[in-house]
Amino acid sequence: MLKFVLKRLGLALSQMFAISVLAFSLLYLAAGDIARTIMGENATQEQVALKRHELGLDQPLVERYVHWLTSALHGDLGTSYFTSQGVAQALWSRLPVTLTLLIGVTVLSGIVAFALGIAAGVRRGWLDKLVQLLSVLGYALPGFLAALFLVLTFSLNLGWLPATGFIPLTTSFTGWISTITLPIVALSLGPIASVAQQVRGAVIDVLRQDYIRTLRSRGLTEWEVILKHVVRNASGAGLTVLGLQFAGLLGGAIVVEQIFALPGLGTVAITYTSRGDIPVVMGLLLVTSLIVAVVNLLVDVGVGLLNPKVRVA
Amino acid sequence: MSGPIPSAPSVRPVRADSAARRFVRNPLAMGAVVILVVLVLASAFAPLLTDQGPNFSSLRQAFLAPFSPNHLLGTDSVGRDLLSRILFGGRISLLGAVLALGVAALIGIPAGLLAGYYAGWFDSVSVWSSNLVQSLPGIVVLLAVRAVLGPSIWISMTVYGVILSPGFYRVVRTSVINVRKELYVDAARVSGLSDAAIIGRHILTVVRAPTIIQAALLTGIALAIQSGLEFLGVGDNSVPSWGNILNEGFRNIYREPVMLVWPSLAIGLTCAALVILGNGLRDALEEHGTSSGRSRRRRRARAAAAEPAVSAAEPAETFAIPGSGAISAAPAPERPVDLDALLVVRGLTVGYGSDDSLKVVVHDLDLHVREGEVLGLVGESGSGKTQTAFSVLGLLPAGGRVLSGSITFRGHEVIGLPATRLRRLRGDGFAYIPQEPMSNLDPSFRIGSQLVAPMRRKLGIGKAEAEQRALALLERVGIREPRRTFDAYPHQISGGMAQRVLIAGAVSCNPQLLIADEPTTALDVTVQAEVLSLLRDLQREYRMGIVLVTHNFGVVADICDRVAVMQNGTIVETADVETIFASPRHPYTQMLLGATLEGAPSRVALDAAREALS
């Protein structure tokens, strides 16, 4: 198991490294004359050259990357071109809100999708048809449209929940719940649809396996067979899809944060990218891909724990 | 939102005309096509449908409600006509999505073909890259692109095409790998066709269907991402797109929420239609039935491999007994049924399917097993032996049911018993040894826990005691290192050991009746003899009655007291083992015996039979 985890960790690190190299070089190569952009059209050549030197942009790309990477490994992601704020601090202060959403969506969609998928796979019949139909709808509806629909219904028409704003958990628990419920529900529909679909398929498949018949022949109760053996063998598929969804989910969170005016990574992303603030953009790419990489690693380890055969591969 | 890239649909090529017919008959899919066609045409012919420019603003006409004169859908905050903006916006949005799709196809399809066909280093590199791209958060990348290259929708959709390309790559690669294993591709290669010709002629036809399905789904994802990005307000605001019309509506959500409706409808309908279209195409193009032909063929091959002795030794046509109709018309063989026996089966009829397409697999079958008696249930594959065994256990596969007859165990009727009552009989009343050892152990649980759980439930003993018993049982069935096997997962032990574990599991709760379904068939010849002698020893030790399902008369001679010969779902002859070998009465029995005697591996069985008789 340790070997398996280390192998996966190595893979994740190699991908993180590749992403950082690609992003760094492409961003700086595509950006053009950054110092000129910052100083504006009216600045003199000397002023621009001075700025270029100040930002270290007169050094070769490779050297700049190595410098960036060493700092990044020490937790320093550089400084914003425009606000002189530390990138790491800017992202760090916004991360909790986005992470709250992501964890909330994972928990909610995990529970609902597994419950629906298992019920549909075991009971079949009308319940199965209903889950299939809901899956198509949930899959087809983009998260931000669902969010808009929820805002119109529950905030503007019914007035049950606030349309915008964020109340930290430390301030008020009920306030916190009321501000994150709608975004989490909106973002969960897609993952619920695809994970439920996968779990359902896997449950149907596992129920046809020979070992299920043998376990039943030993006199185990139906609950034991389903909750222990069927669920464990079927959950790898659902977990894998949840992992595959995660990159998309993160993008969805950034859009949905805007609808509910939540102070997460989305605000940083939009403000700084419109200005072309490359250190912030680079930091954002690094942090978001890191989140995805960590989640995928966790999913891999989880699937490995569930299925001993995977660990050998 | 961007959703995962849908996993490879398992699709087999089918005749195009029947697929088209199936598709047209699917009302949901046809509805999706109509919606898409209307949206595309309306966008394409926007200038003909409205005489108002999408960017013509008139502040005096701002925030007009829908159905105002000249403004069917109303106007936005600067008085631009919403209908015109939606129509012209459709051009940008749909073209943008198609651009992303085109780029994705251009990268993903060739890469998938090359990786699947040539494998090797290109495959490893491209799988790694595809995983890398798939772990990128799409929206963040597009925001980064916007930061350095500006807000053009065409640039962002081109980049998104690259991010989408694994969607095509994976599907194409999987299909190519599957088809490369097929025989006709080898044949084409042997006959001297070039790689390009093989890809063109054989591979592309197989890749076509999954690629089309995937295209519909990926277009929907591209449109969703594009609208999300434009909705953030970081896009190009000089041209209308559904996303930025939505953004404009959202900024006025308190004043005029109805403005949100039109772009939402356009985006939502298109995305939903594309998903439904994709599903409809999958249903139409997939081979009829649930599993693909390939896996079915593989399963059949495995089943055939599992039944070597009779079916392999003897050509199949010998089983089509000449004049078998005359035999079934002959007077029914006597039915000696001992009503006080441990297990009594009378008139059992088992069928599959619904009433209008019923397939009867066991017909009016009688048998009985006394305490401590071993009954061999013999017949070729497909004769209904296993279905009979499953009926006794109450574990017929889905779709199968007992149509009539009675099964009594220790004098109590089992058929029609509620599931909970029936479950109480399993494990300690009757137990089951399956044919295929490896597929009958749950791969995710340690062997020990699979032995302990039933004992704790059936015998009501504690964990430690159950563990002790399990270890003793493992030792009893001849496993040298019980502790190690107890802690092992099924994939870590051999087939012979797995069968011993299954036997240990079957006898763990002291059953009175053991149903063994070809318990030695899947094992090596040397292991077969050991397992059989173990079974015989255990039978004497526990005084169990056994129904031994087999096609092998060697096994019968070795262990059985009595034999019931089955053909076409019914028993044609029942007799003591000596009588069967000495003077088989039914021609089918004679033929089966003949087949066994002629087969090379059965020489051993013959000797065993002689020994048993002497």
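Just so we're clear, the structure is a prediction, and the values are computed from it rather than from any experiment.

**Focus: the overall build of chain A**
Turning to step 1, where the next piece is worked out: Counting its secondary structure elements, chain A contains 13 helices and zero strands.
Turning to step 2, where the next piece is worked out: Beginning at the N terminus, the succession of helices and strands in chain A can be written as α-α-α-α-α-α-α-α-α-α-α-α-α.
Turning to step 3, where the next piece is worked out: Expressed as lengths along the three principal axes of its C-alpha atoms, the size of chain A is roughly 85 × 55 × 35 Å.
Turning to step 4, where the next piece is worked out: Here chain A, with 313 residues, has 44% of them falling under the buried criterion.
Turning to step 5, where the next piece is worked out: Intrachain contacts of chain A at a sequence separation of at least 6 include 74% that bridge at least 24 residues.

**Thoughts on the overall build of chain B**
Turning to step 1, where the next piece is worked out: The number of helices and strands found in chain B is 25 helices and 10 strands.
Turning to step 2, where the next piece is worked out: A buried classification covers 49% of the 614 residues belonging to chain B.
Turning to step 3, where the next piece is worked out: For chain B, long-range pairs separated by at least 24 residues make up 72% of all intrachain contacts whose partners lie at least 6 apart in sequence.

**Let's talk about the environment of Phe 82 of chain A**
All names here are of chain A.
Turning to step 1, where the next piece is worked out: Structurally, the position occupied by Phe 82 is in the loop between helix H4 (61-73) and helix H5 (87-123).
Turning to step 2, where the next piece is worked out: The class of Phe 82 is partly exposed, set by 14 C-beta atoms lying within 10 Å.
Turning to step 3, where the next piece is worked out: In sequence terms Phe 82 and Arg 275 are 193 residues apart; their C-alpha atoms lie 8.4 Å from each other.
Turning to step 4, where the next piece is worked out: Apart from residues lying up to four places away in sequence, Phe 82 is in contact with Arg 275 and Asp 277.

**Quick notes on the interface of chain B and chain A**
Turning to step 1, where the next piece is worked out: Taken together, the contact pairs 62 residues of chain B with 65 residues of chain A.
Turning to step 2, where the next piece is worked out: The biggest single contributor to the side of chain B that touches chain A is helix H6 (residues 138-149) of chain B, with nine residues.

**Overview of helix H11 (residues 261-285) of chain B**
Turning to step 1, where the next piece is worked out: The terminal C-alpha atoms of H11 of chain B, which comprises 25 residues, lie 35 Å apart, in line with the 36 Å expected from a rise of 1.5 Å per residue.
Turning to step 2, where the next piece is worked out: Within H11 of chain B, 20 of the 25 residues are buried, which leaves the element mostly enclosed by the surrounding structure.

**A word on the packing of helix H1 (residues 2-31) of chain A against H6 of chain B**
Turning to step 1, where the next piece is worked out: Closest axis-to-axis distance for the H1 of chain A/H6 of chain B pair is 8 Å, and the angle between their directions is 30°. The pairing of H1 of chain A with H6 of chain B is recorded here as roughly parallel in orientation. When H1 of chain A is examined against H6 of chain B, the residues Leu 27, Ala 30 and Ala 31 of chain A are found in contact with a partner set consisting of Ala 144, Val 148 and Leu 149 of chain B.
Turning to step 2, where the next piece is worked out: Here the contact of H1 of chain A with H6 of chain B is built from residues that sort into six nonpolar, no polar and no charged.

**Describing helix H10 (residues 222-259) of chain A**
Every α-helix carries 3.6 residues per turn, so stepping three or four residues along brings you back to the same face.
Residues and elements named next belong to chain A.
Turning to step 1, where the next piece is worked out: For H10, spanning 38 residues, the distance from its first C-alpha to its last is only 46 Å, which falls clearly below the expected 56 Å at 1.5 Å a residue.
Turning to step 2, where the next piece is worked out: Its maximal kink placed at Val 231, H10 deviates by approximately 45°.
Turning to step 3, where the next piece is worked out: Along H10, 31 of the 38 residues are buried, which leaves the element largely enclosed by surrounding structure.
Turning to step 4, where the next piece is worked out: The first or second residue beyond H10 is Ala 261, which carries a positive phi of 50°.

**Some words on the sheet that holds strand S7 (residues 513-517) of chain B**
Residue and element names in this part refer to chain B.
Turning to step 1, where the next piece is worked out: Across the sheet, which stays open at both edges, the six strands sit in the order S6-S7-S8-S3-S9-S10 with mixed pairing between neighbours. Looking along the sheet, the strands with just one partner apiece sit at the ends: strand S6 (430-433) and strand S10 (570-576). In this sheet, adjacent strand axes meet at a mean angle of 20° when their direction is disregarded.
Turning to step 2, where the next piece is worked out: With five bridges joining them, strand S3 (residues 374-378) and strand S8 (residues 545-550) adopt parallel strand pairing.

**Comments concerning the domain arrangement of chain A**
Turning to step 1, where the next piece is worked out: Looking at the assigned domains, one finds that chain A contains domain 1 (2-88) and domain 2 (102-263).
Turning to step 2, where the next piece is worked out: Taking only C-alpha atoms, the centre of domain 1 of chain A and the centre of domain 2 of chain A are 38 Å apart.

**A look at the confidence of the model for chain A**
Turning to step 1, where the next piece is worked out: With 99% of its residues at a pLDDT of at least 70, chain A reaches an overall mean of 88.
Turning to step 2, where the next piece is worked out: Looking over chain A, one finds the lowest element-wise mean pLDDT in helix H13 (residues 308-312) of chain A, namely 76, and the highest in helix H9 (residues 210-217) of chain A, namely 93.

**Looking at the sheet that holds strand S4 (residues 400-409) of chain B**
Residues and elements named next belong to chain B.
Turning to step 1, where the next piece is worked out: Across the sheet, which stays open at both edges, the four strands sit in the order S2-S1-S4-S5 with antiparallel pairing between neighbours. Either end of the sheet is taken by a strand with one partner, and the two such strands are strand S2 (359-369) and strand S5 (412-413).
Turning to step 2, where the next piece is worked out: Where S4 meets S5, two bridges bridge the pair, whose relative direction is antiparallel. Counted as the bridge partner of Thr 408 is Glu 413 from S5.
Turning to step 3, where the next piece is worked out: Across the sheet, helix H15 (residues 385-393) lies against strand S1 (343-352), S2 and S4, angled at about 110° from S1, the strand it touches most.

**As for the pairing of S1 of chain B**
Residues and elements named next belong to chain B.
Turning to step 1, where the next piece is worked out: One ladder, built from seven bridges, connects S1 with S2; its direction is antiparallel. The residue of S2 that forms the bridge with Leu 343 is Val 369.
Turning to step 2, where the next piece is worked out: In terms of strand pairing, S1 meets S4 through eight bridges, oriented antiparallel. Each bridged residue has a counterpart across the sheet, and for Gly 351 the counterpart in S4 is Arg 401.

**Describing the packing of helix H6 (residues 125-140) of chain A against helix H8 (residues 173-207) of chain A**
All names here are of chain A.
Turning to step 1, where the next piece is worked out: Taken N-terminus to C-terminus, the directions of H6 and H8 make an angle of 140°; their axes are 7 Å apart at the nearest point. Our classification of the angle between H6 and H8 gives oblique. Considering how the two elements wind past one another, H6 and H8 form a crossing that is left-handed. Of the residues in H8, those touching H6 at Val 131, Leu 134, Ser 135, Gly 138 and Tyr 139 are Leu 189, Gly 190, Ile 192, Ala 193, Ser 194, Ala 196, Gln 197 and Arg 200.

**Looking at the environment of Gly 31 of chain B**
Turning to step 1, where the next piece is worked out: Within the secondary structure, Gly 31 of chain B sits in helix H2 (residues 27-44).
Turning to step 2, where the next piece is worked out: Sequence separation between Gly 31 of chain B and Leu 277 of chain B is 246 residues; the distance between their C-alpha atoms is 8.8 Å.

**Overview of the environment of Gly 304 of chain A**
Residue and element names in this part refer to chain A.
Turning to step 1, where the next piece is worked out: With respect to the element layout, Gly 304 can be found in helix H12 (residues 278-306).
Turning to step 2, where the next piece is worked out: Among the residues examined, Gly 304 registers 19 C-beta atoms within 10 Å and is labelled partly exposed.
Turning to step 3, where the next piece is worked out: C-alpha of Gly 304 to C-alpha of Ala 90: the two residues are 214 residues apart in sequence and 36 Å apart in space.

**Thoughts on unusual backbone geometry**
Residues and elements named next belong to chain A.
Turning to step 1, where the next piece is worked out: At Ser 84, a position not held by glycine, the phi torsion is positive, near 60°.
Turning to step 2, where the next piece is worked out: Counting through the fold element by element, Ser 84 comes out in the loop between H4 and H5.
Turning to step 3, where the next piece is worked out: Even without being a glycine, Arg 124 presents a positive backbone phi close to 50°.
Turning to step 4, where the next piece is worked out: For Arg 124, the location among the structural elements is in the loop between H5 and H6.
Turning to step 5, where the next piece is worked out: According to the C-beta neighbour criterion, Arg 124 is partly exposed, with 15 such atoms within 10 Å.

What counts, and where the lines are drawn
Residues numbered from 1 in each chain as written. Chains lettered and ligands numbered in written order. Predicted model: local features only at pLDDT ≥ 70, side-chain atom pairs only at ≥ 80, totals over all residues. Helix = DSSP H or I, 4+ residues; strand = E, 2+ residues; numbered from the N terminus. Buried ≥ 20, exposed ≤ 12 C-beta atoms within 10 Å, placed from the backbone. Contact = placed C-beta atoms within 7 Å. Expected span 1.5 Å × (residues − 1). Axes fitted to C-alpha atoms, helices over the stretch in contact; angles between N-to-C directions. Parallel < 35°, antiparallel > 145°, perpendicular 65-115°, else oblique. Nonpolar A, V, L, I, M, F, W, Y, C, P; charged D, E, K, R; others polar. Bend = angle between axes of the 7 residues up to and from the residue. Pairing = 2+ DSSP bridges. Domains from an automatic or database assignment. pLDDT = per-residue confidence, 0-100. Left-handed = near helix turned anticlockwise from the far one by under 90°.

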